[in-house]
Amino acid sequence: MSDIQYTKWILGLSNQIRRAFNVSTDNKGAQTRILYFVLTNYPKREIYQKDIEEELNIRSSSISVHLKKMEEHEMIIREKVPFDDRLKKICPTSATIKMKEDVDKDIQSLENRMISGISQESLNTFVEVVQKMIKNMEVENEQ
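Please read these numbers as outputs of a predicted model, since none were measured by experiment.

What about the environment of leucine 13?
By the element assignment, leucine 13 lies in helix H1 (residues 6-24). Leucine 13 sits in the partly exposed class, given a relative accessible area of 36%. Expressed as a C-alpha distance, the spacing of leucine 13 and methionine 114, which sit 101 residues apart in the sequence, is 9.8 Å.

This is how it looks when you write it as structure tokens:
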């Protein structure tokens with residue numbers, strides 16, 4: 001077995017990204033990620049809490065807390081759907097839609113900083129490896 005602790009490196013990178021993202025979003029990183037997902041998909045498709053959970057790999061209870069705060073701050077609206085009384089679609093408010101350009105810039109700035117000086121070939125390899133790791137972890141979590 002290798003002496004390299006891959007988990008240590010991944011968690012370290014994740015923490016650095018989270019800190020940088022929180023600084024650029026006034027400590028609302030998770031909410032900004034949710035908002036970015038909603039804005040990039042709206043109005044092309046309806047978004048539900050389950051979609052956000054799956055896309056961002058965040059647990060239901062955490063998403064619920066964030067959505068409640070976002071609704072209180074009038075960033076989103078949860079609308080009932082006619083076919084299921086328990087289900088609510090997530091929609092951005094008109095004020096939030098106007099923020100889309102700023103959110104896009106924050107995300108792109110962080111992405112550019114993170115991949116600076118890395119070749120496209122290396123980035124492609126990175127994506128392949130991370131996707132495989134995610135798949136491995138999903139298999140492990142199912143057992």
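A closer look at the sheet that holds strand S1 (residues 47-48)
Overall, antiparallel pairing links the three strands, which are arranged S1-S3-S2 in an open sheet. Strands with a single pairing partner mark the edges of an open sheet, and in this sheet they are S1 and strand S2 (76-81). Bridge count between S1 and strand S3 (residues 84-92): two bridges; the pairing is antiparallel. Bridge pairing links isoleucine 47 to isoleucine 90 in S3. Strands in contact with helix H4 (residues 60-72) are S2 and S3; relative to S2, the strand with the most contacts, it is inclined by about 110 degrees.

Remarks on the nonpolar core
Counting residues in hydrophobic clusters, the biggest one holds 20 residues, and the most contacted among them are Ile34, Leu35, Ile52, Leu67, Met70 and Ile90. Broken down by secondary-structure element, the contributors of at least two residues to this core are H1, helix H2 (29-41), helix H3 (49-56), H4 and helix H6 (100-115). Counting residues per element, this core draws most heavily on H2, at five residues. Not counting chain neighbours up to four residues away, the residues in contact with methionine 70 comprise Gln31, Ile34, Leu35, Met75 and Ile76.

Quick look at the side chain of glutamate 53
Position of glutamate 53 relative to the elements: it lies in helix H3. Ignoring any residue separated from it by four or fewer positions in sequence, one finds glutamate 53 in contact with Ile58, Arg59, Ser60 and Ile63.

A word on the environment of isoleucine 52
With respect to the helices and strands, isoleucine 52 occurs in helix H3. The exposure class assigned to isoleucine 52 is buried, which follows from its relative accessible area of 0%. Along the backbone, isoleucine 52 and arginine 18 are 34 residues apart, and their C-alpha atoms lie at a distance of 18 Å. Residues in contact with isoleucine 52, not counting those within four places in the same chain, are Ile34, Phe37, Val38, Ile47, Asn57, Ile63, Leu67 and Ile90.

Description of the pattern of salt bridges
Counting across every chain of the model gives seven salt bridges. Close ionic contact of lysine 89 with glutamate 46 constitutes a salt bridge, the shortest N to O distance being 3.4 Å. Residue lysine 89 is located in strand S3, and its partner glutamate 46 is located in the loop between H2 and S1; the two are separated by 43 residues in the primary sequence. Among the ionic pairs, lysine 100 bridges to aspartate 104, the shortest N-O distance being 2.9 Å. In this pair, lysine 100 and aspartate 104 both sit in helix H6, four residues apart, roughly one turn of the helix. On the basis of relative accessible area, aspartate 104 is assigned to the partly exposed category, the value being 27%. If you follow the salt bridges from partner to partner, you end up with Glu46, Glu79 and Lys89 in one network.

A closer look at the packing of H2 against H4
Here H2 crosses H4 at 85 degrees, and the two axes come no closer than 10 Å. One element, H2, and the other, H4, form an angle in the roughly perpendicular class. Seen from H2, the contacting residues are Ala30, Gln31, Ile34 and Leu35; seen from H4, they are Ile63, His66, Leu67, Lys69 and Met70. Along the lines of polarity and charge, the residues of the contact of H2 with H4 split into six nonpolar, two polar and one charged.

The rules behind each value
- Residues numbered from 1 in each chain as written.
- Predicted model: local features only at pLDDT ≥ 70, side-chain atom pairs only at ≥ 80, totals over all residues.
- Heavy atoms only, no water.
- Helix = DSSP H or I, 4+ residues; strand = E, 2+ residues; numbered from the N terminus.
- Buried < 20%, exposed > 50% of the residue type's maximum accessible area, 1.4 Å probe, protein only.
- Pairing = 2+ DSSP bridges.
- Contact = heavy atoms within 4.5 Å.
- Axes fitted to C-alpha atoms, helices over the stretch in contact; angles between N-to-C directions.
- Core = buried A, V, L, I, M, F, W, Y, C linked by side-chain atoms within 4.5 Å.
- Salt bridge = Lys/Arg side-chain N within 4 Å of Asp/Glu carboxyl O.
- Parallel < 35°, antiparallel > 145°, perpendicular 65-115°, else oblique.
- Nonpolar A, V, L, I, M, F, W, Y, C, P; charged D, E, K, R; others polar.

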